[in-house]
Amino acid sequence: MHFHSTRAADDPARVVPRQLPGDVRGFVNRTEELHRLDAILAGGEGDSVVVAICVIAGTAGAGKASRRDESALWAALSTGDEQDADAVRSVFAWSYRALPPDAARLFRLLGLHPGPVFGLGAVSALAGISVRQARQLLDVLVGAHLLEQTAPDRFEFHDLLRAYATEQSRLDETADGRAAALRRVLDWYLHTADAAQGWITPAREHVPLDLADERAAPLSFADYDQAVDWSEREQPNLAAAVRAAEKAGLDRHAWQLSAVFWSAQAPSAAVTDWLVTGKIGLRAVRRLGDRVGEAKILESLGFAYRRLNDLPKALNAHREALTIRRELSDPRGEASALNALGLLALRTRGLRDAEEHFVRALAVFHELDAVHWEAVTRANLASVQFEAGHLAEAGSNLEQALVAHERMANKGSVGNVLRMRSAVHLERGELTEAARTAHEALDIALELRDRVMEGYWLLYLGDAQQARGQCAEALISYQRSATIHRRLGDRSREALAWYGAGRTYQRLERTGEAADFFRRATAVHQELGDSWHQALALDALATSLSAEDAVAARRHWGDALQLLAGYDDARAVKLRERIEGRLAPGP
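Residues numbered from 1 in each chain as written. Predicted model: local features only at pLDDT ≥ 70, side-chain atom pairs only at ≥ 80, totals over all residues. Heavy atoms only, no water.

### Some thoughts on the overall build of the protein
Counted only if it meets this: A run of DSSP states H or I qualifies as a helix once it reaches four residues; a run of E qualifies as a strand once it reaches two. Both are numbered from the N-terminal end. Here the term buried applies to any residue with accessible area under 20% of the maximum for its type, exposed to any over 50%, and partly exposed to those in between, with areas from a 1.4 Å probe on protein chains only. Only heavy atoms matter for contacts: two residues are in contact if any of them lie within 4.5 Å across the pair. Accessibility throughout is a Shrake-Rupley quantity obtained with a 1.4 Å probe, and a residue counts as covered only by protein chains that appear here.
In terms of helices and strands, the protein carries 26 helices and seven strands. Buried positions account for 54% of the 587 residues belonging to the protein. Considering only contacts in the protein between residues 6 or more positions apart, those separated by 24 or more positions represent 64%. When the accessible surface of the protein is split by element, carbon and sulfur atoms take 51% of a total near 26000 Å².

Now the structure itself:
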């Protein structure tokens, strides 16, 4: 059965077929209902949507309605004209009423699932039945064309049938029964995500969870790839589960799902996918007055805002988390907050503040024998030392961190240290070692399927390749990095990739193309308030223009000097002195 919809004001000959699930045999001699369903329903903008129903033998199946079709038909199902609503309901009821009781119950309960796509485990938990029973009943629903099976363990509702199932659950299930079903499926997502976290972010502290309903047995995972596969597949459902928990007034589920979702995200996930659920989690945990949970959500929000380059919000979140940790006399939590604040200070090149935060956090982690986090913080401290030009201290801390992470088999952390070692090698002129360690880091990112790491570490590989004169390879690395960061929504690092491409074109003496990339990088860094990287891009732009447009070059160098006035570390002083030399009048 197919919908053919078009605006009444449009060309009536131009219709767009849209499938609706149904059993073709059920429509024989039902012309009265079909004529009633051939109705004019109000569109989203006050115009009309013509909905014509055509039965084509052998083509029954599931499809998608457009947003306008869905909105209009949902209105008919819930609050629209009763005659139209009855016609729509009668079509769906033909297949529904023919179901065995157990299958009909499952159909109704599936209307309560947070999202339109689901797997066997979630269905089993929702209905409180075994996986074997769930599979059998799902087969019945697929056979009746009330569901579509999209993969061996994936099923999907047509949007309109989902609305109908939700309506039937309100009519035929008790309020307590609906609430229990929702709690079971939320428990399943919560505990399965917690199991995935054990593989995806094993060093991160788990949220203490209540025991799951015995009829909501969560999945377990045999390895990292299985956990990541599940997380990638269920990302939309996890977000929907948080929203459903808040709507149902289940604040404990809402904040815990939000917190576990952050730690169980697939490494390639865009942080924007989590941000809305993080805000929901914060509202929920504050309603509960759970200060430990509030600090945890605030820390996650701080990291999310930092990745999105919203540094003021990140700073506020981490400062609030630090205040709570201190109120609770939680030294480990306080050290975590200090480490996060150190990363923010490093991002804005507040090197003294960053060093102070890292040193204090490092002392606490060492005292608590928190070996993993001590090694993480030591590598962060090395980043500060590198930026300040203290290569010997940076190299020493990186070596200690690498030994600890390799002993604990923390692959992601090993890759991060190798990324920093590549930069140290490059600074020392050890170009072969710089390229080798950058390649090793990138291999780890690819193995972990971590696009955040991959995109960032490609910048370091590109730097090493460019320094070795491998300009074609460097441009490929920078282009890959820019593409990944664009998809992730990280404009700052995308601009760093443009800067790297500009330097490569500069090396190739293609100054016009170099200047274009430097202009793009300058504009983004200026918009984001990143004075340091804006100054670097302006200096490079001035250098590219100096031979052909000396006036513009001097203007850009002058702007760079103003931006550098706020920095007094050795690297900044050296850059400032070089620019001042370029601006000094000749003999």
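### Regarding the sheet that holds strand 7 (residues 154–156)
Just so we agree on the cut-off: Note on pairing: two strands pair once DSSP finds at least 2 bridges between them. Each axis is a line fitted through C-alpha atoms, and for a helix only the stretch in contact is used; angles between axes span 0 to 180 degrees, taken between their N-to-C directions.
Read from one edge of the open sheet, three strands run 5-7-6, paired in antiparallel fashion. Strands at the two margins of the open sheet, each flanked by one partner only, are strand 5 (117–119) and strand 6 (148–151). In this sheet, adjacent strand axes meet at a mean angle of 35° when their direction is disregarded. Of the strand pairs in this sheet, strand 5 and strand 7 are connected by three bridges, and their pairing is antiparallel. Among the inter-strand pairings, Gly119 is bridged to a residue of strand 7, identified as Arg154.

### Here we look at helix 6 (residues 131–143)
Under the convention used in this document: To estimate how far a helix should reach, multiply one less than its number of residues by 1.5 Å. By arc we mean the arc of the directions from the helix axis to the C-beta atoms, nothing more.
Relative to the 18 Å expected for 13 residues at 1.5 Å per residue, helix 6 spans 18 Å between its end C-alpha atoms, a close match to the ideal helical length. Inspection of helix 6 places Ala134, Leu137, Leu138 and Leu141 among the buried residues, and these make up the whole buried set. Angularly, the buried residues of helix 6 cover 105° about the axis, an arc narrow enough to put them on a single face. Packed against the buried residues of helix 6 are helix 4 (101–110), helix 5 (120–127) and strand 7. The first or second residue beyond helix 6 is His145, which carries a positive phi of 65°.

### Digging into unusual backbone geometry
Positive phi, close to 65°, is recorded for Asn309, a residue that is not glycine. With respect to the helices and strands, Asn309 occurs in the loop between helix 12 (291–307) and helix 13 (311–327).

### Side note on the packing of aromatic side chains
Inclusion rule: When the centres of two rings from Phe, Tyr and Trp lie within 6.5 Å, Trp using its six-membered ring, the rings pair. Their planes under 30 degrees apart give stacked, over 60 give edge-to-face, and anything left gives tilted. The criterion for a charge sitting over a ring is simple: Lys NZ or Arg CZ within 6 Å of the ring centre, and within 35 degrees of the ring normal.
Evaluated as defined, the whole model comprises 14 aromatic pairs. When the ring of Phe107 is compared with that of Tyr164, the centres are 6.2 Å apart and the planes differ by 50°; the resulting orientation is tilted. Of the two residues, Phe107 is situated in helix 4 and Tyr164 in helix 7 (residues 159–172); the sequence distance between them amounts to 57 residues. Taking relative accessible area as the criterion, Tyr164 reaches 3% and is therefore assigned buried. One aromatic cluster is present, built from ring pairs that chain together Phe92, Tyr96, Phe107, Phe118, Phe157 and Tyr164. Cation over ring: Arg493 sits above Tyr456, and NZ or CZ is 3.6 Å from the ring centre. Directly above the ring of Phe386 sits Arg571, whose terminal nitrogen or CZ lies 4.9 Å from the centroid.

### Observations concerning the nonpolar core
To keep things clear, this is the line we draw: Among buried residues, the Ala, Val, Leu, Ile, Met, Phe, Trp, Tyr and Cys ones that are joined through side-chain atoms within 4.5 Å form a nonpolar core.
Judged by nonpolar contacts, the single largest core of 143 residues is most densely connected at Leu99, Phe107, Leu110 and Leu141. Excluding residues within four positions of it along the chain, Phe107 makes contact with Tyr96, Leu99, Leu141, Leu146, Phe157, Leu161, Tyr164 and Ala165. In terms of nonpolar packing, the next biggest core, distinct from the first, is built from nine residues, Ala345, Ala354, Phe358 and Leu381 among them.

### Section: the side chain of Thr192
The condition that has to hold: Polar contacts, as used here, are pairs of N or O atoms within 3.5 Å; protein pairs need one atom able to donate a hydrogen and one able to accept it. Residues neighboring in sequence count only if both atoms are side-chain atoms.
With respect to the element layout, Thr192 can be found in helix 8 (residues 175–200). Within the structure, the side chain of Thr192 is placed 2.8 Å from the backbone oxygen of Trp188, a separation counted as a polar contact. Aside from chain neighbours lying at most four places away, what touches Thr192 is Pro218, Leu219, Phe221 and Trp230.

### Description of the pattern of salt bridges
So the rule is basically this: Salt bridges are counted wherever a side-chain nitrogen of Lys or Arg sits within 4 Å of a carboxyl oxygen of Asp or Glu.
Counting across every chain of the model gives 35 salt bridges. Arg287 serves as the salt-bridge partner of Glu246, at 3.7 Å between the closest nitrogen and oxygen. Of this pair, Glu246 sits in helix 9 (residues 224–247) while Arg287 sits in helix 11 (residues 272–288), placing them 41 residues apart in sequence. Using a relative accessible area of 46% as the deciding quantity, one classes Arg287 as partly exposed. We note a salt bridge from Asp516 to Arg519, for which the minimum N-O separation is 3.2 Å. With Asp516 and Arg519 both in helix 23 (residues 511–528) and three residues apart, this pair spans about one turn of that helix. The class for Asp516 is partly exposed, based on a relative accessible area of 43%.

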